[in-house]
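A look at the structure
Residues per chain are reported as follows:
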Amino acid sequence: MFASNGSAGKGIKWELKNGVLTISGNGAMKDFSTDRPWIPGEVEKLVVEEGITHIGTNLCRNSKNLISVSLPSSIKTIGHDAFNSCKSLSDIHIPYGVEEIGDRAFYNCTAFIELDLPISMKHIGTEAFAKCKNITTVRLTQGIETLGDKAFDGCLILANLSGLPDYVDTDTFVKYGLNRAAVKNYWDRKEEMAARFGNSSGALGNKNQDSSKQPDPSDVDTDIPFTGIDNSNTFALIIANENYGKLANVPYAINDGNSFSLYCRRTLGIPAKNILMYKDASYGSMREAFSDLRMINEVAGENMKVIFYYAGHGAPDDATLDPYLIPVDAGRVNKDVCVPLASIYQELGSMNLKSAVVFLDACFSGGTREDKMVMADARAITRVPKKQGLTGKVAVLSATSDAQTALPYHEKGHGMFTYYLLKRLQETKGNVTLADLKDYVTKEVSLNSTIINRKDQTPTFTVSSGASSLWDSWKLTD
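The following paragraphs examine the structure supplied in this document. (Residues numbered from 1 in each chain as written. Predicted model: local features only at pLDDT ≥ 70, side-chain atom pairs only at ≥ 80, totals over all residues. Heavy atoms only, no water.)

Our next topic: the overall build of the chain. From N to C terminus, the chain includes 7 helices and 26 strands. Against the compact-globule benchmark of 23 Å for 478 residues, the chain has a radius of gyration of 23 Å, which places it among compact chains. Its C-alpha atoms put the chain at 75 × 55 × 45 Å along the principal axes. The 478 residues of the chain split such that 58% are buried. Partitioning the intrachain contacts of the chain with sequence separation of at least 6 by distance along the chain shows that 60% fall at a separation of at least 24. As displayed, the chain offers around 19,200 Å² of accessible surface, 47% of which is attributable to carbon and sulfur atoms. (Helix = DSSP H or I, 4+ residues; strand = E, 2+ residues; numbered from the N terminus. Rg over C-alpha atoms; globule rule 2.2 N^0.38 Å. Buried < 20%, exposed > 50% of the residue type's maximum accessible area, 1.4 Å probe, protein only. Contact = heavy atoms within 4.5 Å. Areas by Shrake-Rupley, 256 points an atom, 1.4 Å probe, with all protein chains shown as cover.)

Where like charges cluster on the molecular surface, the negative patch consists of Glu99, Glu100, Asp103 and Glu145. Structurally, the position occupied by Glu100 is in strand β10 (residues 100–101). Using a relative accessible area of 37% as the deciding quantity, one classes Glu100 as partly exposed. (Patch = residues over 30% accessible without salt bridge, like charges linked within 9 Å, V, L, I, M, F, W, Y side chains within 5 Å. Salt bridge = Lys/Arg side-chain N within 4 Å of Asp/Glu carboxyl O. Lys, Arg positive; Asp, Glu negative; His and termini not counted. Charge placed at Lys NZ, Arg CZ, Asp CG, Glu CD.)

Moving on, we get to the packing of helix α3 (residues 253–267) against helix α6 (residues 416–428). With their axes 11 Å apart at the nearest point, α3 and α6 run at an angle of 15° to one another. Classified by the angle between their axes, α3 and α6 sit roughly parallel to one another. Between α3 and α6 lies a crossing of left-handed hand. On α6, the residues touching Asp256, Ser259, Phe260, Tyr263 and Thr267 of α3 are Thr418, Leu421, Leu422, Leu425 and Gln426. Taken together, the residues of the contact of α3 with α6 break down into 5 nonpolar, 4 polar and 1 charged. (Axes fitted to C-alpha atoms, helices over the stretch in contact; angles between N-to-C directions. Parallel < 35°, antiparallel > 145°, perpendicular 65-115°, else oblique. Left-handed = near helix turned anticlockwise from the far one by under 90°. Nonpolar A, V, L, I, M, F, W, Y, C, P; charged D, E, K, R; others polar.)

This paragraph deals with the pattern of salt bridges. Applying the stated criterion across every chain yields a total of 15 salt bridges. Across the pair Asp439 and Lys438 runs a salt bridge, and its minimum N-O distance is 2.8 Å. Look at the salt bridges and you will find they share partners, linking Glu114, Asp116, Arg139 and Arg287 into a network.

A separate point is α3. For α3, which comprises 15 residues, the first-to-last C-alpha distance of 20 Å matches the rise-based estimate of 21 Å (1.5 Å per residue) to within 8%. The element α3 is largely enclosed, with a buried count of 11 among its 15 residues. Within α3, burial applies to Ala253, Ile254, Asn255, Asp256, Gly257, Ser259, Phe260, Ser261, Tyr263, Cys264 and Thr267. (Expected span 1.5 Å × (residues − 1).)

In this section: the environment of Leu353. One can find Leu353 in the loop between α5 (341–350) and β22 (355–361). As for Leu353 and Asn303, which are separated by 50 residues in sequence, their C-alpha atoms are 6.3 Å apart.

A surface patch of nonpolar side chains, about 250 Å² in accessible area, is lined by Leu447, Ile451 and Ile452. Tracing the chain through its elements places Ile452 in helix α7 (residues 434–453). Given the relative accessible area of 36%, Ile452 is considered partly exposed.

Enumeration according to the criterion identifies 15 aromatic pairs in this entry. Considering the side-chain rings of Phe106 and Phe112, the 5.8 Å spacing of their centres and the 40° angle between planes classify their relative orientation as tilted. For Phe106, a relative accessible area of 0% corresponds to the buried category. Ring centres of Phe260 and Phe359 lie 6.0 Å apart, and the angle between their planes is 65°; this geometry places the pair in the edge-to-face category. Here Phe260 is found in helix α3, whereas its partner Phe359 is found in strand β22, with 99 residues between them in sequence. (Phe/Tyr/Trp six-rings, centres within 6.5 Å; stacked < 30°, edge-to-face > 60°.)

In this section: the packing of α6 against α7. Packed helices, taken two at a time, are described by the angle between their axes plus the distance between the axes. At a closest axis distance of 9 Å, the pairing of α6 and α7 adopts a crossing angle of 135°. Regarding the angle of α6 to α7, the classification is oblique. Relative to α7, α6 is oriented so that their crossing is right-handed. Facing α6, whose interface residues are Met416, Phe417, Tyr420, Leu421, Lys423, Arg424 and Glu427, α7 presents Asp436, Leu437, Tyr440, Val441, Glu444, Val445, Asn448, Ser449, Ile452 and Asn453.

It is worth spelling out the sheet that holds strand β1 (residues 5–9) at this point. If you walk across this open sheet you meet the 6 strands as β1-β2-β3-β5-β7-β9, and the pairing is mixed. Looking along the sheet, the strands with just one partner apiece sit at the ends: β1 and β9 (91–92). Summarising the sheet, strand β2 (residues 12–17) and strand β3 (residues 20–25) pair through 6 bridges and their orientation is antiparallel. Bridged to Lys17 within β3 is Val20. (Pairing = 2+ DSSP bridges.)

By the definition in use, this model includes 0 disulfides. We note that Cys86 lacks a disulfide partner, and the nearest cysteine sulfur, in Cys109, lies 5.3 Å from it. Owing to a relative accessible area of 0%, Cys86 belongs among the buried residues under this scheme. (Disulfide = S-S within 2.5 Å.)

Time to look at the side chain of Asp116. Turning to its location among the elements, Asp116 is positioned in strand β11 (residues 114–116). Classification of Asp116 by relative accessible area gives buried; the value is 12%. Polar side-chain contacts of Asp116 include one of 3.4 Å to the side chain of Arg139. Side-chain polar atoms of Asp116 contact the side chain of Arg287, separated by 2.5 Å. Look past the residues within four positions of Asp116 in its chain and what remains in contact with it is Ile94, Arg139, Tyr283 and Arg287. (Polar contact = N/O pair within 3.5 Å; in protein donor to acceptor, adjacent residues only side chain to side chain.)

On to the pairing of β22, then. Counting buried residues in β22 gives 7 out of 7 residues, a clear majority hidden from the surface. By the bridge criterion, 7 bridges tie strand β18 (residues 305–311) to β22 in an arrangement that is parallel. Among the inter-strand pairings, Tyr309 is bridged to a residue of β22, identified as Phe359. Looking at chain direction, β22 and strand β23 (residues 394–398) are connected through 5 bridges and run parallel. The residue of β23 that forms the bridge with Val358 is Val396.

Here Ser85, not a glycine, exhibits a phi torsion of approximately 60°, which is positive. As for its placement among the helices and strands, Ser85 is situated in the loop between β8 (77–78) and β9. Backbone geometry places Lys429, a non-glycine residue, at a positive phi of 55°. Its location among the elements puts Lys429 in the loop between α6 and α7.

The structure is reproduced here in structure tokens:
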């Protein structure tokens, strides 16, 4: 006897209505046998609400009409056979926070083309993605502790791999069902980096170029100090997202990124090859950026320093208020298509770095530089994003506080935050402590945003416990 709703564990409920299976409550969903209290063939979409921590075994097994799955950031584990033989399933995002995927969890999901696993992932079960015969690209993470036998067996056209754990190589690839050529290409690329950069530093150079019209140069763009410093152990990762296909654009973001890149080279002495520049970055490009950075760290060693600069949209998830950076190919503001700020902080914190300094010319309240909402049909209310913790040796200077918006400085053709960041680097020729830079930018942005934009904007500074006794004397040129 099939039902339309019922219990899915202690304090957890399920409901199947109009093809949508909704799981709600708090805690771990129970594991199911192959017999479930609903008709699998009627499930077209699965929605797991925030608070659920475990996807039960066999939950959607053989749900041949299942197309879309929405998972919350609270999920930690996906049980074995949870989506086995869901041959129509093509729309799923495995969120940051998931640590384990069980045996055969996505076996024979033949509609998969790309797979992107979060850096929180620790364990992948036996045949977890076997027989996904149409998958071409897999982005793993080097923090995966165990990868099950034949995890990708039968993925015959899987040619693009990134983030391979050290134990997956050209001697062991068969064990995991991977293609030798794809594994070899990954390690050849890594060896090429090691040969180029050794134990000093280096990077991949500019990833793309922008030909769009930029504003006339301001004072910080025309007089960029050249210091002749050799800062070869520092890498700069710059992401400048201005032109969004489906969301409001971010005025001057590319100009912000271009100018910050020039200051990195001329004033801070960072070699051009050490600057990873991404303009109008897609979700895949943003993930690739941090994969490249980690790979470089593995060959550059513990003396490596990182500067991460971002100009573009940020916004909170509607349900959790966790903050996300928004790629230009995102059509909505949520975890399925955006990059969790927490994952970036964890990525930087887990690297073997001397220091990492983060500059964010973005807000996470849902507003834009034009003082509108990111999405045109969004409600005109800003939200206070959830604060994120830091690990390692990381310091973050962000453009706003709480529900404020990161506003522009139209006269200068920059974001207000970026303009005064560049101004201080210009005035000091880069010879400035992070404490001084923080105080200057905070004071000038707070004052001039009120005068020029008639809006409050107060930058915030946070630092990890591992850097709490060191950060105030850090210099971007050391």
